[in-house]
Amino acid sequence: MKPENILLVSRDINNLELKIADLGFAQKFDPKTGLDLVLGTPLYMAPELVKHQKYNEKVDVWSLGVITHQLLCGRTPFDSKTMKAINQNIVNKKVTFQEKEWKKVSNNAKDFILMCLDRNAENRPSIEDLFDHPWICEVNDNNE
């Protein structure tokens, strides 16, 4: 997943409709065996992809964390000038919210990002779990 693949279908602000595009390499997988094919845009890859480990659907949760970070501050959390440095950042760099862009962002939003960017895929929440996150519930409550 990456922002370029998220398309707005409707211009109606009260009834936004999104579509996900570019699923040409999407695959079904057996949760017992996982996948090991490495595809995707490096800035949005989860650590298990960078390390060429078996992975599951939680790589998409990682990508969601990167996308959310980017949407809220204007840049990805692991960007660098070389692929080697990007990969090292994905595997090792601590995500912080020290820049001025984060001053007006809620603690719930920051917590959401950190949960998505948990390097331990077993601890990383599922998409279903994220629907119950306070930040998502807060956004939904404000729109009702």
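Every chain is numbered independently, its residues counted from 1 as its sequence is written. It should be noted that, the model being predicted, local features are given only for residues of pLDDT at least 70 and side-chain atom pairs only at 80 or more, the latter also being counted only at that level, while totals for whole chains, interfaces and linings use all residues. Excluding hydrogens and water, the side-chain values take into account all heavy atoms of the structure.

**Thoughts on the overall build of the protein chain**
Okay, so step 1: When you go through the protein chain residue by residue, the secondary structure sums to six helices and two strands.
Okay, so step 2: Beginning at the N terminus, the succession of helices and strands in the protein chain can be written as β-β-α-α-α-α-α-α.
Okay, so step 3: Categorising residues by exposure relies on relative accessible area from a 1.4 Å probe, with only protein chains included: less than 20% of the type maximum marks a residue as buried, more than 50% marks it as exposed, and the intermediate range marks it as partly exposed. Looking at the protein chain residue by residue over its 144 residues, the buried ones come to 32%.
Okay, so step 4: Sequence separation of 24 or more characterises 52% of the internal contacts of the protein chain that already satisfy a separation of 6 or more.
Okay, so step 5: Within the structure as shown, the protein chain displays about 9,800 Å² of accessible surface, and the carbon and sulfur contribution to it stands at 51%. Helix numbers and strand numbers start at the N terminus; a helix is a DSSP run of H or I with at least 4 residues, a strand a run of E with at least 2. Any pair of residues with heavy atoms lying within 4.5 Å of one another is described as a contacting pair. Using the Shrake-Rupley algorithm and a 1.4 Å probe, accessible areas are obtained, with residue cover drawn only from the displayed protein chains.

**Comments concerning the packing of helix α2 (residues 58-73) against helix α4 (residues 107-116)**
Okay, so step 1: Note on geometry: axes are lines fitted to C-alpha atoms, helical ones only across the stretch in contact, with angles between N-to-C directions running from 0 to 180 degrees. Running from N to C, α2 and α4 cross one another at 145°; their axes reach a closest spacing of 7 Å. The way α2 lies across α4 gives a crossing that is left-handed. Where α2 approaches α4, its residues Val61, Trp62, Leu64, Gly65, Thr68, His69 and Leu72 are matched on the opposing element by Ala109, Phe112, Ile113 and Cys116.
Okay, so step 2: When grouped by side-chain class, the residues that make up the contact of α2 with α4 number eight nonpolar, three polar and no charged. Left-handed describes a crossing in which the near helix is turned anticlockwise from the far one by less than a right angle; the clockwise case is right-handed. All amino acids are sorted into three groups, where Ala, Val, Leu, Ile, Met, Phe, Trp, Tyr, Cys and Pro are nonpolar, Asp, Glu, Lys and Arg are charged, and the leftover types, Gly among them, are polar.

**What to know about a negative patch on the surface**
Okay, so step 1: Two distance rules govern patches: like charges are joined within 9 Å, and nonpolar side chains (Val, Leu, Ile, Met, Phe, Trp, Tyr) within 5 Å, applied only to residues with over 30% relative accessible area and no salt bridge. Any carboxyl oxygen of Asp or Glu that lies within 4 Å of a side-chain nitrogen of Lys or Arg is treated as forming a salt bridge with it. The convention is simple: Lys and Arg are positive, Asp and Glu are negative, and His and the chain ends are not counted. Positions of charges follow a simple convention, taking NZ of Lys, CZ of Arg, CG of Asp or CD of Glu. On the surface, a cluster of negative charge is made up of Glu57, Asp60, Glu128, Asp129 and Asp132.
Okay, so step 2: Structurally, Glu128 is set in helix α5 (residues 127-130).

**Thoughts on the environment of Val66**
Okay, so step 1: Along the chain, the position of Val66 falls in helix α2.
Okay, so step 2: Distance from Val66 to Tyr44, taken between C-alpha atoms, is 6.2 Å for residues 22 residues apart in sequence.
Okay, so step 3: Every residue in contact with Val66, bar those within four places of it in the chain, is listed here: Leu43, Tyr44, Thr76, Pro77, Phe78 and Leu117.

**Digging into the pattern of salt bridges**
Any two side chains of opposite charge can pair if their charged atoms end up close together.
Okay, so step 1: One pass over the structure, following the stated rule, counts three salt bridges.
Okay, so step 2: Between Glu48 and Arg124 there is a salt bridge whose closest N-O contact spans 2.8 Å. Linking Glu48 in helix α1 (residues 47-50) with Arg124 in the loop between α4 and α5, this pair joins segments that are 76 residues apart in sequence. Of the two residues, Glu48 and Arg124, both sit in the buried class.
Okay, so step 3: The salt bridge involving Arg75 is made with Glu101; its shortest N-O contact spans 3.4 Å. One end of the pair, Arg75, is in the loop between α2 and α3 (83-92); the other, Glu101, is in the loop between α3 and α4, with 26 residues separating them in the sequence.
Okay, so step 4: It is possible to trace a salt-bridge network through shared partners that takes in Arg75, Glu99 and Glu101.

**Observations concerning unusual backbone geometry**
Okay, so step 1: Despite not being glycine, His52 has its phi angle at roughly 55°, a positive value.
Okay, so step 2: Inspection of the secondary structure assignment puts His52 in the loop between α1 and α2.

**A few points about the side chain of His133**
Okay, so step 1: With respect to the helices and strands, His133 occurs in the loop between α5 and α6 (134-142).
Okay, so step 2: Within the structure, His133 has its side chain in polar contact with the backbone nitrogen of Trp135 (distance 2.9 Å).
Okay, so step 3: If we ignore the near neighbours within four places in the chain, the residues touching His133 are Asn108, Asp111, Phe112 and Met115. The definition of a polar contact used here is a pair of N or O atoms within 3.5 Å, where within protein one atom must be able to donate a hydrogen and the other to accept one, and adjacent residues in sequence count solely through side-chain atom pairs.

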